Amino acid sequence: MDAIQQKVVQEKIDQLANKEVYVHLETTNGAYASHFDENAYNVGAFIRNAQVSYQHGKIVSTGGSYRVGLKLDMGWVYAEGLTDYEIDEKNRLLMAGHDREGRLMVALEISETPFSHEADPDE
Amino acid sequence: MSKERVVVIFPHPDDESFGASGTISKFRDEGVPVTYLCGTLGEMGRNMGNPIFANRETLSSFRKKELAEAAKQLDIDVEMLGYRDKTLEFEPRHQVAEHLKERIESLGATIIITHYPGYAVHPDHDALGAAVIEAVENMPEENRPQIWMHAISNQSEHDLGKPEIITDVRPYWERKLAAIKAHLSQADGMMSLIENHDQASEQLERLKTERFYMYKFQ
């Protein structure tokens, strides 16, 4: 993944608008948060292969990281804290936010094909 | 020739290396066959390598390869159980138990190493450990393997007392380190701890002793 380039990501979001797309959205502070710090709470949310179509979407810079919001006919999808992106060989828009140690904190991914659930058997 | 046949059952690629690779190495030196039944591909892991080399979609492929390398270092067989990371507790317990029972019986396990349910911190650890116990309880009494359970929660010794099996794994330390290092995407934090801190650091010391509670059938 590379540091987010706002213009490139915005173009990709625009290309995927008004199409049936699959979304992966998650955020987490890890299963061990309250194990290592008893004052912490484990929090997280995860949705994979939600099938949506969005009217329009926007990437907004917050100085240091980005927010991305997608407007659905009857709702919204958004993620905050995104820092890195990749348009992979399957033409999917993968975005993630990592902490200082490189651990994933949030991910938002948009694809025209369903996300697979296993490691690629060819690899 | 030992009659033992060890089956290690943990949910994530790397659980075997951090939690049991010294014990596994000891068994291998005694000629005991060891199979790792790995529950998931760790596809929800937060560690992405340092510097970051994986993303959410490629992480499972990396972790599968890393596990194969660790298995080579430890000279063990690996079978993937095909569940998805962080979802094991939501699967019907009896289905997972049936699946495990079939593998345990077909491998002829005499000793199973798994997590202590309720004392294993990660929901996948707790869920798979509980499914192992259910699987073995569904077996005829005379065929049941021993269950050795790994407890990692902060209050485990307070609640459970001292574990029955405490093994100093220093004689196998090189192999344990090699296995941990094989898990490139996950091991960075631990490796920097090992390289940067003096040998007395608490976390490092903990890795040099492996502790297991024996499950007591009612």
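Counting from 1, residues in each chain are numbered in the order their sequence is written. Chain labels run from A onward and ligand labels from 1 onward, assigned in the order the entries are written. Given that this is a predicted model, residues contribute local features only at a pLDDT of at least 70 and side-chain atom pairs are listed and counted only at 80 or more, while totals for whole chains, interfaces and linings are drawn from all residues. The side-chain values count all of the structure's non-hydrogen atoms but skip hydrogen atoms and water molecules.

A. Quick look at the packing of helix α1 (residues 15–29) of chain B against helix α2 (residues 59–74) of chain B. All names here are of chain B. Direction vectors running N to C along α1 and α2 enclose 30 degrees, while the axes themselves pass 10 Å from each other. When the axis of α1 is compared with that of α2, the two are roughly parallel. Taking contact as the criterion, the partners of E16, S17, S21, I24, S25 and R28 in α1 are, on α2, L67, A70 and L74. Within the contact of α1 with α2, the residues separate by chemical class into four nonpolar, three polar and two charged. Here an axis means a line fitted to C-alpha atoms, over the contact stretch when the element is a helix, while the angle between two N-to-C directions is reported on a 0 to 180 degree scale. In this text, helices come from DSSP runs of H or I with a minimum length of four residues, and strands from runs of E with a minimum of two, each type numbered from the N-terminal end. Any angle between 65 and 115 degrees counts as roughly perpendicular, while under 35 counts as roughly parallel, over 145 as roughly antiparallel, and the rest as oblique. Pairs of residues are marked as contacts when any of their non-hydrogen atoms sit within 4.5 Å. Gly counts as polar in this scheme, as do all residues outside two lists: the nonpolar Ala, Val, Leu, Ile, Met, Phe, Trp, Tyr, Cys and Pro, and the charged Asp, Glu, Lys and Arg.

B. Just the interface of chain B and chain A, in detail. Each partner contributes residues to the interface: chain B has 24 residues there, and chain A has 27 residues. Here chain B and chain A share an interface that buries about 2,400 Å² over both sides, 52% of which is from carbon and sulfur atoms. Buried area adds together the accessible area that both of two parts lose upon being put together, with accessible area traced by a 1.4 Å probe. Three residues, B:R46, B:E57 and B:R84, lead the burial of chain B against chain A; their summed loss comes to 30% of the area buried on that side. Throughout this description, the term salt bridge denotes a Lys or Arg side-chain nitrogen within 4 Å of a carboxyl oxygen of Asp or Glu. For the pair chain B and chain A, the number of links is two salt bridges. With its nearest N and O atoms 2.9 Å apart, the salt bridge here joins A:R48 to B:E57. The term polar contact refers here to a pair of N or O atoms within 3.5 Å; inside protein, the definition further demands a hydrogen-donor-capable atom paired with an acceptor-capable atom, and it admits residues adjacent in sequence only when both atoms are side-chain atoms. Linking chain B with chain A are six residue pairs in polar contact (both at pLDDT 80 or more). Of all the elements in the fold, those that place two or more residues in the side of chain B that touches chain A are α2 and α4 (123–137) of chain B.

C. Main features of unusual backbone geometry. Residues and elements named next belong to chain B. Omega for the bond connecting N50 with P51 falls within 30 degrees of zero, at 0 degrees, which places this linkage in the cis form. Considering the arrangement of structural elements, one finds P51 in the loop between β2 (34–38) and α2. The residue K86 is not glycine, and still its phi comes out positive at about 70 degrees. The backbone of V121 shows a phi angle near 70 degrees, a positive value even though the residue is not glycine. Among the structural elements, V121 can be located in the loop between β4 (111–115) and α4.

D. Representation of the side chain of B:N55 in the model. Relative to the helices and strands, B:N55 is located in the loop between β2 and α2. Categorising residues by exposure relies on relative accessible area from a 1.4 Å probe, with only protein chains included: less than 20% of the type maximum marks a residue as buried, more than 50% marks it as exposed, and the intermediate range marks it as partly exposed. Overall, the relative accessible area of 3% leaves B:N55 in the buried class. At 2.9 Å, the side chain of B:N55 forms a polar contact with the backbone nitrogen of B:T58. What B:N55 contacts, discounting residues up to four positions off in sequence, is A:M1, A:E86, A:L94 and B:M48.

E. Representation of the sheet that holds strand β3 (residues 44–52) of chain A in the model. Residue and element names in this part refer to chain A. Read from one edge of the open sheet, six strands run β1-β7-β8-β9-β2-β3, paired in antiparallel fashion. If you trace the sheet from one side to the other, it starts and ends with β1 (2–3) and β3, each paired once. A pair of strands is considered paired only if DSSP assigns at least 2 bridges between the two. Of the strand pairs in this sheet, strand β2 (residues 21–28) and β3 are connected by seven bridges, and their pairing is antiparallel. Among the inter-strand pairings, L25 is bridged to a residue of β3, identified as I47. Lying on the sheet, helix α1 (residues 6–16) is in contact with β2, β7 (84–87), β8 (93–98) and β9 (104–111); it crosses β8 at an angle near 135 degrees.

F. A look at α1(B). All names here are of chain B. Look at α1: 20 Å from first C-alpha to last across 15 residues, which is about the 21 Å you get at 1.5 Å a residue. Most of α1 is tucked away, with eleven of its 15 residues classed as buried. In the stretch just after α1, G31 is the one whose phi turns positive, near 80 degrees. A helix is expected to reach a length of 1.5 Å times the quantity of its residues less one.

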